[in-house]
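Structural description and commentary
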Amino acid sequence: MNGWNAVPGEPRPGAGHPPARTPSGLFPSGPPARPTWREPYPVTGAGVAAGGATAAAWLLLFGLLGRDVPGYAWWTVIAGGLAWLAAVVLVRFGDRGVATGIAIVTAGGWSIAAAVVAVGWAQSGDWPLW
């Protein structure tokens, strides 16, 4: 026989193994050619929601300290400034999802305060903040 001595029933060398194919590239078969960079703290919906809820409660508590339109507006500006400082620290050293929620809700809170000031100004004809 062609020089191959095998036990009966043993497959021939190469039998049962498909020939090696070169992948087309459509479905890569190995690791990527370049390493991928992953976020150490990925932004998640839960983090954004937690930051938003915390900022809403923070602005509400500070807004309730104001007894009139100017007091409400100034307390909201101060609370929003402190919240944004916390968001900046979180962006640099913590969870950016929470910082995003804080920033979004704080901007909304400032918009509400600006609308309240504008309505008060329109009704009285006098600038309410000084």
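Placed above this text is the structure.
Predicted model only: the values in this text are computed from it and were never measured.

1. What to know about the packing of aromatic side chains
One pass over the structure, following the stated rule, counts six aromatic pairs. Centre to centre, the rings of Trp84 and Trp110 are 5.3 Å apart; their planes meet at 40°, and the pair counts as tilted. Of this pair, Trp84 sits in helix α2 (residues 69-93) while Trp110 is found in helix α3 (residues 96-124), placing the two residues 26 residues apart along the sequence. Residue classification places Trp110 among the partly exposed residues on the basis of a relative accessible area of 29%. Centre to centre, the rings of Trp127 and Trp130 are 6.3 Å apart; their planes meet at 55°, and the pair counts as tilted. Judged by its relative accessible area of 29%, Trp127 falls in the partly exposed class. In this structure Trp130 comes out as exposed when scored by relative accessible area, which is 78%. An aromatic cluster is built from Trp74, Trp121, Trp127 and Trp130, whose rings are joined through pairwise contacts.

Parameters and conventions
- Throughout, a residue's number is its position along its own chain's written sequence, starting from 1.
- Per-residue local features are limited, in this predicted model, to residues with pLDDT of at least 70; the limit for side-chain atom pairs, both in listing and counting, is 80 or more; totals at the level of whole chains, interfaces and linings are taken over all residues.
- The basis for every side-chain value is the complete set of non-hydrogen atoms in the structure, without hydrogens or water.
- The aromatic pairing rule takes the rings of Phe, Tyr and Trp, using the six-membered ring of Trp, and pairs them if the centres are within 6.5 Å, calling planes under 30 degrees apart stacked, those over 60 edge-to-face and the rest tilted.
- Strands are runs of DSSP state E lasting at least two residues, helices are runs of H or I lasting at least four, and both sets are numbered from the N terminus onward.
- Residue burial is assigned from relative accessible area. The probe radius is 1.4 Å, only protein chains are included, and a residue is buried under 20% of its type maximum, exposed over 50%, and partly exposed in between.

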